[in-house]
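One letter stands for each residue in the lines below.
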Amino acid sequence: MQNQYSNGSGEMNHQSGNQMNPPEQKSSTKYYILGMVTGILAAVAVALGMAGVVRVYRVVFPGGSVSRESGDKVSIVDASVESKLAVLEDTIGKYFWKDVEEETLEDGLYRGLLDSLEDPYSVYYTNEELLALQQQTEGVYYGIGAYIQDGDIGYVQISKVIRNTPAEESGLMQGDYIYKVDDEDMQGRDKSYVVSKIKGEEHTYVTLTVVREDAAEPIDISVERRKIESPTVEYEMYDNGMAYIQITEFDLVTTGQFESAYNQAKADGMKGLIIDLRSNPGGNLSTVCDISRMLLPKGMIVYTEDKYGKREEYTCNGENEIKVPLVVLTNGYSASASEILAGAVKDYGIGRLVGTTTFGKGIVQKVIELSDGSAVKLTVSSYFTPNGNNIHGIGIEPDVEVQFDADLYKSGTDNQLEKAKEVLAEMMH
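Residues numbered from 1 in each chain as written. Predicted model: local features only at pLDDT ≥ 70, side-chain atom pairs only at ≥ 80, totals over all residues. Heavy atoms only, no water.

Time to look at the packing of aromatic side chains. Aromatic ring pairs: the centre-centre distance and the angle between the two ring planes describe each pair. This structure, assessed with the given rule, holds 6 aromatic pairs. Here the aromatic rings of Y155 and Y179 are separated by 5.7 Å at their centres, their planes lie at 75°, and the arrangement is edge-to-face. With Y155 in the loop between β7 (146–149) and β8 (157–161) and Y179 in strand β9 (residues 177–181), this pair connects stretches of sequence that are 24 residues apart. With relative accessibility at 12%, the residue Y155 sits in the buried group. The exposure class of Y179 is partly exposed, given its relative accessible area of 24%. Relative to Y409, the ring of F404 has its centre 5.3 Å away and its plane inclined at 55°; by these criteria the two rings are tilted. For Y409, a relative accessible area of 27% translates into the label partly exposed. The side chain of R189 reaches across the aromatic face of Y193, ending 4.0 Å from its centre. The positively charged end of K421 is found above the aromatic ring belonging to Y238, 4.0 Å away from the centroid. (Phe/Tyr/Trp six-rings, centres within 6.5 Å; stacked < 30°, edge-to-face > 60°. Helix = DSSP H or I, 4+ residues; strand = E, 2+ residues; numbered from the N terminus. Buried < 20%, exposed > 50% of the residue type's maximum accessible area, 1.4 Å probe, protein only. Lys NZ or Arg CZ within 6 Å of the ring centre and 35° of its normal.)

Its identity is not glycine, yet N164 carries a phi of approximately 60°, on the positive side. Inspection of the secondary structure puts N164 in the loop between β8 and α5 (166–170). The backbone phi angle of D182 is positive, close to 50°, even though this residue is not glycine. Residue placement: D182 occurs in the loop between β9 and β10 (184–185). Since its relative accessible area comes to 41%, D182 is described here as partly exposed.

On the secondary structure map, G351 appears in the loop between α9 (337–348) and β20 (352–355). Residues G351 and D399, spaced 48 residues apart in sequence, show a C-alpha to C-alpha distance of 9.4 Å. Not counting chain neighbours up to four residues away, the residues in contact with G351 comprise L326, V345, D399 and M427. (Contact = heavy atoms within 4.5 Å.)

Taking 1.5 Å as the rise per residue, helix α3 (residues 102–115) with 14 residues should run 20 Å; its terminal C-alpha atoms sit 20 Å apart, in good agreement. Here α3 has its buried residues at E106, D107, Y110 and L114. Down the axis of α3, the sector holding all buried residues measures 95°, keeping them to one side. (Expected span 1.5 Å × (residues − 1). Arc of directions from axis to C-beta.)

What follows covers the nonpolar core. By size, the foremost hydrophobic cluster in this structure holds 40 residues, and its most contacted members are I247, F258, Y262, L273, I275 and L295. Counting only elements with at least two residues in this core, the list comes to β15 (242–247), α7 (254–267), β16 (272–276), α8 (285–292), β17 (299–305), β18 (311–316), β19 (326–330) and α9. Ranked by residue count, the leading element in this core is α9, at 6 residues. If we skip the residues at most four places from it in the chain, F258 touches V233, I245, I247, I275, I291, M294 and L295. Among the nonpolar cores identified, the runner-up in size contains 21 residues, and A146, V161, L172 and V181 belong to it. (Core = buried A, V, L, I, M, F, W, Y, C linked by side-chain atoms within 4.5 Å.)

This next bit is on the side chain of E224. For E224, the location among the structural elements is in strand β12 (residues 219–224). Here the side chain of E224 touches R226 through a polar contact of 3.0 Å, side chain to side chain. Once residues within four sequence positions are removed from consideration, E224 is found in contact with G143, I144, P166, H203, T204 and Y205. (Polar contact = N/O pair within 3.5 Å; in protein donor to acceptor, adjacent residues only side chain to side chain.)

The next subject is the sheet that holds β16. Pairing in this open sheet of 6 strands is mixed, and the strands run β14-β15-β16-β19-β20-β23 from one edge to the other. Each of the sheet's edge strands pairs with one partner strand only, and the pair in question is β14 (233–237) and β23 (400–401). Relative to β19, β16 runs parallel, the two sharing 4 bridges. By the bridge assignment for β19, D276 is matched with L329. (Pairing = 2+ DSSP bridges.)

Our focus in this paragraph is the confidence of the model for the chain. For the chain, per-residue confidence averages 84 on the pLDDT scale, and 83% of positions sit at 70 or higher. Predicted confidence is poor over residues 1–11, with pLDDT under 50, and the contacts of this stretch with residues over four places away or in other chains come to 48 contacts. This stretch, residues 14–71, has a pLDDT under 50; its non-local contacts, to residues over four places away or in other chains, come to 147 contacts. (pLDDT = per-residue confidence, 0-100.)

Right, let's talk about a nonpolar patch on the surface for a bit. A cluster of nonpolar side chains, contributed by I92, F96, W97 and V100, occupies part of the molecular surface with about 420 Å² of accessible area. Note on placement: I92 falls in helix α2 (residues 79–95). (Patch = residues over 30% accessible without salt bridge, like charges linked within 9 Å, V, L, I, M, F, W, Y side chains within 5 Å. Areas by Shrake-Rupley, 256 points an atom, 1.4 Å probe, with all protein chains shown as cover. Salt bridge = Lys/Arg side-chain N within 4 Å of Asp/Glu carboxyl O.)

Here the focus is the pattern of salt bridges. A full pass over the atoms with the stated rule returns 11 salt bridges. Here R278 ties to D414 by a salt bridge, and the two come within 2.7 Å at their closest N and O atoms. One end of the pair, R278, is in the loop between β16 and α8; the other, D414, is in the loop between α10 (406–410) and α11 (415–428), with 136 residues separating them in the sequence. Here the two residues R278 and D414 agree in accessibility, since each one is buried. With its nearest N and O atoms 3.0 Å apart, the salt bridge here joins K419 to E422. With a gap of 3 residues between them, K419 and E422 both fall in helix α11, about one helical turn apart.

Pasting the structure below:
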């Protein structure tokens, strides 16, 4: 079972598409910045006008040209803003205690513009970060097969090693701190930067220097990069025909993995099903809808509405409606796409929810790619369960509430899962 304590701030995303290489650096940083800001504002306009379509929008902007108006609104970029940017740049160059690359300052401007929205889900991505996001969303990447998390000593830490991957073969272990990547010190580096250094072309090698609790000295470990498909579904058959399927997130690969597990459960004589969505932070809207179509009756899966009232509906034909009793496990970290599935199951009454109230993320993000290969991710709409409920900031309450008992879990008993089995057994009789 995946970690039950992960952060439930997952995002439901619309995205696809190709990237272009960044343009050459302009001789005047200030005017290049202004051109980029204008491009971002144009991207926002495109996003708000086309919410609900599953693709990345490419926004092309001419370097150096500045549009003063967007619709009826005057652009934030004017002579006074341009002048102040120049003063700030000169002040930083003169007084800041260390040198800062122009690219870092530019990226900071774009991140700041998105931060001003005061929406934790609306962010700016560099080209490198966008590529990492796309790989994560697809669930397939070229790397070593290990998850990392922020550590407590200034270095990221390996949180899980995926079975049958180069990471496992090389001897990397959960709990290892990544001290260096190819001799580059990773102190103070965030997860996305470390991941970008570890990933690379297939069949190339990367050397990780790790600090291990029981080792006197740092350990150098050479690992081959290979194609990795993230395992997002786990299946197990219990006694009395109870099938258990855990979905850890909704990536593009998850549909096929769930379908395989579900078909195997049927072949194994499934008489009842537990779907575990605990600590599932969400993922792709298309993926959760595809999985929902394997379970739900005919009707609405979910619908979205943007600020203009434009509605986008996602429906199910009901041809594959589940025929056995169903229990869905949830907790406070079940978010976004997880809540779409849990909400539909509850609204249609085809199963019972066991656990605790879900995270409460009832909004949708869209990734809009800019012509230099960077991108912005914006919250563009709210989503509603089949009965018209928006659960943002509220969550979905379980039918049977069971608080997670960490002490029991440490001793080998998952009390929420045991309650789910008990509820399912009652439904099967």
